[in-house]
Amino acid sequence: MKAARKNVGSLTELRKKAEKKLMYGVTGAGTESIRPLEIEHELNVHKVELEMQNEELRLTQLQLEKSLDNYAELFQYAPVGYFILDINGIVLNLNDTASKLLGEHKNWAAGRPFSVFLHSEICQDDFYRHRNLVIDSGMPQEIEVKFIKKDSVAFPALITSTIVKDEEDHFKYFLSTVNDISERKEQEQKMKMALSKEVELNELKSRFISTASHEFRTPLATILLSTELLEKYNEPDDEKNRKKHFQKIKSAVLGLTEILMDFLSLDKFENGVITNNPEYIDLVSLTTRVIEDMNIRRQPVLYKHADKKQVVYLDPKLLRVCVTNIIGNAFKYSHADSPVEVTTALVDNDQVLISVKDHGIGIPEHDKPFIFDRFFRSKTAEAYQGTGLGLNIVQKFTSVMNGHISFTSVENEGSTFVLQFPNM
Ligand code: ADP
């Protein structure tokens, strides 16, 4: 543009060039009078000058058209949506990216208020305030709103707006760029969730450490005391005492193992490594084994399996954790002499039921809504060892196995816990 102006403007230069082009006209003069020749020469020079000016103008025009095309392409195919609005927020023009974002044809969108593309009244109000701020401050501003597409799908968008002024510094139009930030929002959401999970996990771990260190003290003291006493019971008639202390040690070790198992199970669950891997297992053998392992005090147990078939299709590891917890609780929260009733059943071959009934301390009515909460322990259970994690784990594991846990309980009379699983 500059070069063209320089060429057109520089008349003396142009004149020189034109003169050069017409050199032959001057040298060809001989017998004719000088005046007409000079005039003719002048006219010719002007003609050539005009032709050259025309050519320059044509080239400049071409250059202008080309750069206009380039700008139009930049506008149309920019990676952000451009909306040009008038002072009232009516869309005057939009680029291809903007019409793609909306899922609407440009012709449809032009002439409509920009606010019709915003998701809710709240977004519309936010944008209204944003527009006023841009106009009042004269500075570019940003805002996050929800846009709505033709198919009613909403997406989060970042709008950056500015005003464009004319040469006299008057408002010309309002320009808003729109960026789809769905992916960024999704990433932010994931990060937030990971962070809060991390915080929760850390809290869980420190809470567990304080619970465990407290709960570890009693069984460790029991083990220490019993081993010291065992050293003294050397005589043959000390057999009864020896048995008693061996049992105490066993029971204390079982308590410690339970605490650790609870924590490991919860940690695994929280880290998402718990998956349901069902296989064919013998329900009766698994239950019998758990009863034997957990019944340190040799409490009376009534176990009944109410079906001929005893093979079920369930995850043995998850099932063992669930059954161990509820049978362990039944022994723990009932008197050493009172019987624990365990019933397993296959209903119509597609439902597995495991019910554990005790005649122990029961659960106070006001505590019932909380017993599946992490770390919750009833006041009435404080005299017994525990972390308050067991039932929370059982509930989580049963749901991974697409099952369900329920209970009924009467304080000072006893409790019945029922596990129910689909036998797939
Ligand atoms: P823990 O036994 O380690 O305290 P659980 O999560 O297994 O943790 O149980 C949570 C609470 O539910 C117990 O502290 C107790 O108050 C109550 N509870 C669970 N099972 C029984 C039961 N069979 N009889 C009475 N109370 C129970």
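Residues numbered from 1 in each chain as written. Predicted model: local features only at pLDDT ≥ 70, side-chain atom pairs only at ≥ 80, totals over all residues. Heavy atoms only, no water.

## What to know about the pattern of salt bridges
Thinking step 1. This structure, assessed with the given rule, holds 14 salt bridges.
Thinking step 2. Between Glu51 and Lys47 there is a salt bridge; the shortest N-O distance is 3.8 Å. Here Glu51 pairs with Lys47, and both are found in helix H4 (residues 34–76), just four residues apart, close to one helical turn.
Thinking step 3. Here Glu51 falls in the partly exposed class, since its relative accessible area comes to 44%.
Thinking step 4. Between Glu55 and Arg58 there is a salt bridge whose closest N-O contact spans 3.2 Å. You can see Glu55 and its partner Arg58 sitting in helix H4, three residues apart, about one turn around the helix.
Thinking step 5. Where salt bridges share partners, they join Glu144, Arg184, Lys185 and Glu188 into one cluster. (Salt bridge = Lys/Arg side-chain N within 4 Å of Asp/Glu carboxyl O. Helix = DSSP H or I, 4+ residues; strand = E, 2+ residues; numbered from the N terminus. Buried < 20%, exposed > 50% of the residue type's maximum accessible area, 1.4 Å probe, protein only.)

## Observations regarding the site of the ligand
Thinking step 1. Asn329, Tyr333, Arg377, Thr387 and Leu391 are the nearest of the 20 residues found near the ligand.
Thinking step 2. The contact in question runs from an oxygen atom of the ligand to an N or O atom on the side chain of Lys332, over 3.0 Å.
Thinking step 3. At a separation of 2.8 Å, an oxygen atom of the ligand approaches a polar backbone atom of Thr387.
Thinking step 4. Contributing elements (two or more residues each) for the shell around the ligand: helix H11 (316–332), helix H12 (390–400) and strand E12 (414–422).
Thinking step 5. In terms of residue class, the shell around the ligand is built from nine nonpolar, eight polar and three charged. (Near = heavy atom within 4 Å. Polar contact = N/O pair within 3.5 Å; in protein donor to acceptor, adjacent residues only side chain to side chain. Nonpolar A, V, L, I, M, F, W, Y, C, P; charged D, E, K, R; others polar.)

## Here we look at the packing of helix H10 (residues 283–294) against H11
Thinking step 1. Orientation of H10 relative to H11, taken along the N-to-C sense of each, is 45°, at an axis distance of 9 Å. If you check the angle between H10 and H11, you find them oblique. In the packing of H10 onto H11, the handedness of the crossing is right-handed. Listed contacts from H11 to Leu283, Leu286, Thr287, Arg289, Val290, Ile291, Asp293 and Met294 of H10 are Pro316, Leu319, Arg320, Val323, Thr324, Ile327, Gly328 and Phe331.
Thinking step 2. Of the residues assigned to the contact of H10 with H11, the class counts are 10 nonpolar, three polar and three charged. (Axes fitted to C-alpha atoms, helices over the stretch in contact; angles between N-to-C directions. Parallel < 35°, antiparallel > 145°, perpendicular 65-115°, else oblique. Left-handed = near helix turned anticlockwise from the far one by under 90°. Contact = heavy atoms within 4.5 Å.)

## Topic: the sheet that holds strand E3 (residues 141–148)
Thinking step 1. Strand order in the open sheet formed by five strands is E2-E1-E5-E4-E3, with antiparallel pairing between adjacent strands. Single-partner strands in this sheet number two, and they are strand E2 (91–94) and E3. On average, each strand axis in the sheet is inclined to that of its neighbour by 30°, with strand direction left out of account.
Thinking step 2. Sheet topology note: the strand E1 (residues 81–85)/strand E5 (residues 171–180) ladder contains five bridges and is antiparallel. Looking at E5, one finds that Gly81 is bridged to Val178.
Thinking step 3. In the packing of helix H7 (residues 121–137) onto the sheet, the strands contacted are E1, E3, strand E4 (154–165) and E5, and the crossing angle to E3 comes to about 155°.
Thinking step 4. With respect to the sheet, helix H8 (residues 182–232) is in contact with E3, E4 and E5, its orientation differing from that of E4 by roughly 125°. (Pairing = 2+ DSSP bridges.)

## Observations regarding the nonpolar core
Thinking step 1. Core analysis: the biggest nonpolar cluster contains 46 residues, and Leu319, Ile327 and Leu419 have the highest contact counts within it.
Thinking step 2. Looking at this core, the element that brings in the most residues is H11, giving nine residues.
Thinking step 3. Membership of the second largest hydrophobic core comes to 23 residues, among which are Phe83, Leu101, Phe117 and Phe147. (Core = buried A, V, L, I, M, F, W, Y, C linked by side-chain atoms within 4.5 Å.)

## Topic: the packing of aromatic side chains
Thinking step 1. For the coordinates displayed, the defined rule picks out 15 aromatic pairs.
Thinking step 2. Their ring planes at 35° and their centres at 6.2 Å tell us that Phe83 and Phe117 sit as a pair that is tilted. On the criterion of sequence distance, the pair formed by Phe83 in strand E1 and Phe117 in the loop between helix H6 (106–109) and H7 is long-range, its members being 34 residues apart. The burial state of Phe83 is the same as that of Phe117; both residues are buried.
Thinking step 3. A centroid spacing of 6.3 Å and a plane angle of 45° characterise the contact between Phe83 and Phe147, whose relative ring orientation is tilted. Taken together, the positions of Phe83 in strand E1 and Phe147 in strand E3 put the pair 64 residues apart, joining distant regions of the chain.
Thinking step 4. The class for Phe83 is buried, based on a relative accessible area of 0%.
Thinking step 5. By way of ring pairs, the aromatic residues Phe83, Trp108, Phe114, Phe117, Phe127, Phe147 and Phe155 are connected into one cluster.
Thinking step 6. For the cation-ring pair, Arg112 lies above Trp108, with the distance from its terminal atom to the ring centre recorded as 3.9 Å. (Phe/Tyr/Trp six-rings, centres within 6.5 Å; stacked < 30°, edge-to-face > 60°. Lys NZ or Arg CZ within 6 Å of the ring centre and 35° of its normal.)

## Here we look at helix H9 (residues 239–270)
Thinking step 1. Between its first and last C-alpha atoms H9 spans 46 Å; for 32 residues at 1.5 Å apiece the expected length is 46 Å, and the two agree.
Thinking step 2. Immediately downstream of H9, the backbone of Gly272 shows phi near 70°, a positive value. (Expected span 1.5 Å × (residues − 1).)

## Side note on the sheet that holds strand E7 (residues 301–305)
Thinking step 1. Taken together, five strands build an open sheet; the order of strands is E7-E9-E10-E12-E11 and the sheet is mixed. Both edges of this open sheet fall to E7 and strand E11 (404–410), since each of them pairs with a single strand only. Across the sheet, the mean angle separating the axes of adjacent strands is 10° when strand polarity is ignored.
Thinking step 2. The sheet contact formed by strand E10 (residues 351–357) and E12 spans seven bridges and is antiparallel. Within E12, the residue paired with Gln351 across the bridge is Pro422.
Thinking step 3. On top of the sheet, H10 reaches E7, strand E9 (340–347) and E10; it is set at about 170° to E7, its chief contact.
Thinking step 4. Across the sheet, H12 touches E11 and E12, and the angle it forms with E11 is around 145°.

## Description of the environment of Lys268
Thinking step 1. In this structure, Lys268 sits in helix H9.
Thinking step 2. The exposure class assigned to Lys268 is partly exposed, which follows from its relative accessible area of 47%.
Thinking step 3. Other than its neighbours up to four places away in sequence, Lys268 contacts Val273 and Ile274.

## Comments concerning the pairing of E3
Within a regular beta strand, the side chains point alternately toward one face of the sheet and then the other, so they alternate between its two faces.
Thinking step 1. Pairing of E3 with E4 involves eight bridges; the strand directions are antiparallel. The partner of Lys146 across the bridge, within E4, is Pro156.

Honestly, it's all geometry; don't read function into it.
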